[in-house]
Amino acid sequence: SQTIHQWPATLVQPVGSPLSLECTVEGTSNPNLYWYRQAAGRGLQLLFYSVGIGQISSEVPQNLSASRPQDRQFILSSKKLLLSDSGFYLCAWSPDSGYEQYFGPGTRLTVT
Amino acid sequence: AQKITQTQPGMFVQEKEAVTLDCTYDTSDPSYGLFWYKQPSSGEMIFLIYQGSYDQQNATEGRYSLNFQKARKSANLVISASQLGDSAMYFCAMRNAGNMLTFGGGTRLMVKP
């Protein structure tokens, strides 16, 4: 069966510091991968998606970036965090030929 | 542009009763799909049910059913025989032709014992 992992689970970082969140998927190949952000009490906002290694599309311009160095690895990064980057970050995957998106456990980021 | 609207910020339901969570959508794509996800306090997003725009019958998954009314652009989630563990945030989402999801603002469901 397929599983999706995210780490760290929680993170507290000062403004201006770098960020690296990692997401990995097991049990499938060539998944579509997604990064979402959820502000407190709100719905999810799609940040990035990837249909293959090195292929990244951005939905929202911001100081975040994403990379996909391996087929089942998706990384969310920032060079300098802003207070507004605080939130709950969720990684998701979907089969290459399917519709359902399955989410990881999420990373709660607090920028102080 | 796609839009999902969930007009109920919070709802109460008595344990063992049925409850309907509302979702309306707007899209110009002829092909789309509608999802419902459950988000408990732990934060994980749990996939519940999916309805394709061309599906003839309403989707059902155990105690969950999706009341799909295409002409009204609504995709309400019905939970039968509510359980205490159903207390959570529920999100309606729509996929476009490129499989991107747009989420509604969510409904917090609280099940009373």
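That block above? That's the structure.
Parameters and conventions
Residues numbered from 1 in each chain as written. Chains lettered and ligands numbered in written order. Predicted model: local features only at pLDDT ≥ 70, side-chain atom pairs only at ≥ 80, totals over all residues. Heavy atoms only, no water. Disulfide = S-S within 2.5 Å. Helix = DSSP H or I, 4+ residues; strand = E, 2+ residues; numbered from the N terminus. Buried < 20%, exposed > 50% of the residue type's maximum accessible area, 1.4 Å probe, protein only. Pairing = 2+ DSSP bridges. Axes fitted to C-alpha atoms, helices over the stretch in contact; angles between N-to-C directions. Contact = heavy atoms within 4.5 Å. Salt bridge = Lys/Arg side-chain N within 4 Å of Asp/Glu carboxyl O. Polar contact = N/O pair within 3.5 Å; in protein donor to acceptor, adjacent residues only side chain to side chain.

**Q** Would you mind going over the state of the cysteines in detail, with residue names and values included?
**A** Scanning the entire structure with this criterion turns up two disulfides over all chains. Shown here is the disulfide that connects A:Cys23 with A:Cys91, its sulfur atoms set 2.0 Å apart. On the S-S bond that ties A:Cys23 to A:Cys91, the torsion sits near -75°, and the link is left-handed. One end of the pair, A:Cys23, is in strand 3 (residues 19–26); the other, A:Cys91, is in strand 9 (residues 87–94), and 68 residues separate them in sequence. The pair A:Cys23 / A:Cys91 is uniform in exposure class, with both members buried. The disulfide that involves B:Cys23 links it to B:Cys92, with 2.0 Å between the sulfurs. The chirality of the disulfide connecting B:Cys23 with B:Cys92 is left-handed, given an S-S dihedral of about -65°. Remark: B:Cys92 occurs in strand 10 (residues 88–95) and B:Cys23 occurs in the loop between strand 3 (19–21) and strand 4 (24–26); sequence separation between them is 69 residues. For B:Cys23, a relative accessible area of 0% corresponds to the buried category. For B:Cys92, a relative accessible area of 0% gives the class buried.

**Q** Outline the sheet that holds strand 3 of chain A, supporting the account with residue identities and numerical values.
**A** Residues and elements named next belong to chain A. Overall, antiparallel pairing links the four strands, which are arranged 1-3-8-7 in an open sheet. Each end of this open sheet is capped by a strand with a single partner; those strands are strand 1 (3–7) and strand 7 (64–70). The average undirected angle you get between the axes of adjacent strands in this sheet is 20°.

**Q** Would you mind going over the interface of chain A and chain B in detail, with residue names and values included?
**A** Between chain A and chain B, the residue contacts involve 19 residues of the former and 16 residues of the latter. Where chain A meets chain B, there are zero salt bridges. The interface formed by chain A and chain B includes two residue pairs in polar contact (both at pLDDT 80 or more). Every element with two or more residues in the side of chain A that touches chain B is listed here: strand 4 (32–38), strand 5 (44–52), strand 9 and strand 10 (102–103) of chain A.

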